[in-house]
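# Fold and contact review
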Amino acid sequence: AAQSAAHLPSTLDPQPSTLFLRMATKVFMEALSPTMEEGRLVKWLKNEGDAVKSGDVLAEVETDKAIMELAARGDGVLRKRLVAEGESRPVGQLIGVIAPADENIDAVIADAGGAAAPAAQATAQAAAPAETKPAQQVVAKTEETAGASSVPRGGRESQGEVSTPPQEKTPAPPGQPVQASGAAEGNGGQTRSSPLARRLASERGLDLSQVQGSGPGGRIIKRDIESAQAAAGAAAARPAATAATAAPAASDYVDIALTQIRKTIAKRLVESIGPIPTFYLTAEFDLSRVSEMRTAMAEMGDDFKVSINDVLMKAVATALAQHPEVNAHWLGDRIRQHHRVHLGMAVATDDGLIVPVIFDADRKRMSDLSREARELAKRARERKLKPEEYTGSTFSISNLGMFGIDQFTAIINPPETAILAIGAAHDVAVPEGDGYVTRKRVRVTMSCDHRAVDGAVGARFLQTLRRLVENPLMLVF
């Protein structure tokens, strides 16, 4: 037992950080959706120094489809945020550190490529307990790192405080942490500070000689470091605000950073429109009976109100159940025909296009399908969809009729083999007998992957769809 005890780390170890390093919890950019390759940190919900419990939400992250919550995987204090709001990082990269308040996390940050400067390491050594390192060694180390070799070595160390004789201040290079044991211009020519304050000052690049202590005898403590950092941030913001005010009101151009969803759209479209041999089939459907049915349903109450798009979605889902060769995925070496219809509906958001999925759409009543479509579209625009709500579609539709677009072609969403583009409904004069009558009609265009869907296969699907749309009572049986 005595032999084992000899190998246990002592509480008087001059570098106690090695004992607690394993307690740190690394915060990684997690894959919050099945297709996510990188994420943009939208907003930190915890500040450095905040207590954190496992499961607490640390930040909001924009994936390729939605804005998701990033949860903590350990208990402690959020010691370091390594990514600023608005920045993107690949999945698996370290973006923060959770650890006890008194733990040295320099090694963890160094592993992430943000190693602390040698000055910070010197500060950590200077903060060791008095019993483990003589005061003269502490002062000698700080003089060496500050380049003040001409200053006589001396000083005192008591109860975790370090004081040094006055010396000429040497400005630190921009961005380099300032030595915690540097000279002071106040407090009788001495800097008195707690070990935690020195460590925080080193991590945040603050000069202790410029910080006013509020502890006993003018000792610098944690709250003084936080106040000094806040004041420095406000001072840095003032010149930027002045420059912004002086800038011209208009410029020749503005660069808009790509959102994660826009990056995904770009990647997917390159995979689709180039490699996929696509052909298009256009048809025009009569909506007169659909309009009559909608009017009759609306008279039954708000619960039965449906849009033309709702009727078309139900008709498409029903037709897909009858044509599994269209309700299919191209998998390179095989075609997978699906027995269940999972209908994707393209929804435009401020950041780009997203396709939530109505699962088993052919088996749902029209009123239920309409309600689910509205809820999914609302959450899609708010970027609140869950990954399982926008993956797994077997066929997609895109409707631009509400924008007054008469006809357009949509790009297939691989591995799906087809997509239907729906235009605006118009009153059209059509011949009937010896004269003309006005009918409400709509044009649809089907984009087909010729590797899986032949022209005749696509045409038969549109024939079935026409029959259902022009006789909508068939959709309720």
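See the structure printed just above.
Cut-off values and rules
Residues numbered from 1 in each chain as written. Predicted model: local features only at pLDDT ≥ 70, side-chain atom pairs only at ≥ 80, totals over all residues. Heavy atoms only, no water. Helix = DSSP H or I, 4+ residues; strand = E, 2+ residues; numbered from the N terminus. Buried < 20%, exposed > 50% of the residue type's maximum accessible area, 1.4 Å probe, protein only. Lys, Arg positive; Asp, Glu negative; His and termini not counted. Salt bridge = Lys/Arg side-chain N within 4 Å of Asp/Glu carboxyl O. Contact = heavy atoms within 4.5 Å. Phe/Tyr/Trp six-rings, centres within 6.5 Å; stacked < 30°, edge-to-face > 60°. Core = buried A, V, L, I, M, F, W, Y, C linked by side-chain atoms within 4.5 Å. Pairing = 2+ DSSP bridges. Axes fitted to C-alpha atoms, helices over the stretch in contact; angles between N-to-C directions. Parallel < 35°, antiparallel > 145°, perpendicular 65-115°, else oblique. Left-handed = near helix turned anticlockwise from the far one by under 90°. Nonpolar A, V, L, I, M, F, W, Y, C, P; charged D, E, K, R; others polar.

### So, the side chain of K46
- Positionally, K46 belongs in the loop between β2 (38-44) and β3 (51-52).
- At 4.1 Å, D56 is the nearest oppositely charged side chain to K46, a buried residue that forms no salt bridge.
- What K46 contacts, discounting residues up to four positions off in sequence, is A51, V52, D56, V57, L58, L78 and R81.

### Considering the packing of aromatic side chains
- Within the structure shown, the criterion is met by one aromatic pair.
- Here F395 and F461 contribute two aromatic rings whose centre-to-centre distance is 5.8 Å and whose plane-to-plane angle is 50 degrees, an arrangement assigned as tilted. One end of the pair, F395, is in strand β18 (residues 395-399); the other, F461, is in helix α12 (residues 455-470), and 66 residues separate them in sequence.
- Relative accessible area serves as the criterion here: at 0%, F395 is assigned to the buried category.
- Judged by its relative accessible area of 0%, F461 falls in the buried class.

### Side note on the nonpolar core
- The biggest cluster of nonpolar side chains holds 71 residues, and the ones touching the most others in it are F395, L420, F461 and L465.
- Sequence-distant contacts of L465, that is, excluding residues within four places in its chain, are made with F285, A315, V316, A319 and L420.
- Core analysis: the second largest hydrophobic core is formed by nine residues, A201, L206, L208 and A228 among them.

### Digging into the sheet that holds strand β7 (residues 88-90)
- The strand order β5-β4-β2-β7 describes an open sheet built from four strands, whose pairing is antiparallel. Every interior strand has two partners, whereas the edge strands, β5 (67-71) and β7, have only one. On average, each strand axis in the sheet is inclined to that of its neighbour by 40 degrees, with strand direction left out of account.

### Some words on the environment of I98
- Mapped onto the elements of the fold, I98 is located in strand β8 (residues 94-99).
- In the structure, I98 is positioned 21 residues away from V77 in sequence and 5.3 Å away in space, judged by C-alpha atoms.
- Those residues within four positions of I98 in sequence are excluded, and the remaining contacts are M23, A24, T25, V27, V52, L58, A72, G74, D75, G76, V77 and L78.

### Points about the sheet that holds strand β6 (residues 76-81)
- The strand order across the open sheet formed by four strands is β1-β8-β6-β3, and the pairing between neighbours is antiparallel. The sheet terminates laterally at β1 (25-28) and β3, the two strands that pair on one side only.
- In terms of strand pairing, β6 meets β8 through four bridges, oriented antiparallel. Along β8, the bridge assignment pairs V77 with A99.

### Concerning the pattern of salt bridges
- Inspection of the entire model under this criterion finds 21 salt bridges.
- Note that E62 and R40 form a salt bridge whose closest N and O atoms lie 2.6 Å from each other. Separated by 22 residues along the polypeptide, E62 in strand β4 (residues 57-62) and R40 in strand β2 bring together distant segments of the chain.
- Of the residues examined, E62 reaches a relative accessible area of 1% and is grouped as buried.
- Given a relative accessible area of 22%, R40 falls into the partly exposed group.
- The salt bridge partner of D286 is R441, with a shortest N-O separation of 3.6 Å.

### Here's the deal with the packing of helix α10 (residues 308-322) against α12
- Two numbers describe how α10 lies on α12: the axes approach to 9 Å, and their chain directions differ by 135 degrees. Taken together, the axes of α10 and α12 lie oblique to each other. The two elements α10 and α12 meet at a crossing, and its hand is right-handed. The residues of α12 that touch α10, namely those facing L312, A315, V316, T318, A319, L320 and Q322, are F461, T464, L465, R467, L468 and V469.
- A breakdown of the residues in the contact of α10 with α12 according to their chemical character gives nine nonpolar, three polar and one charged.

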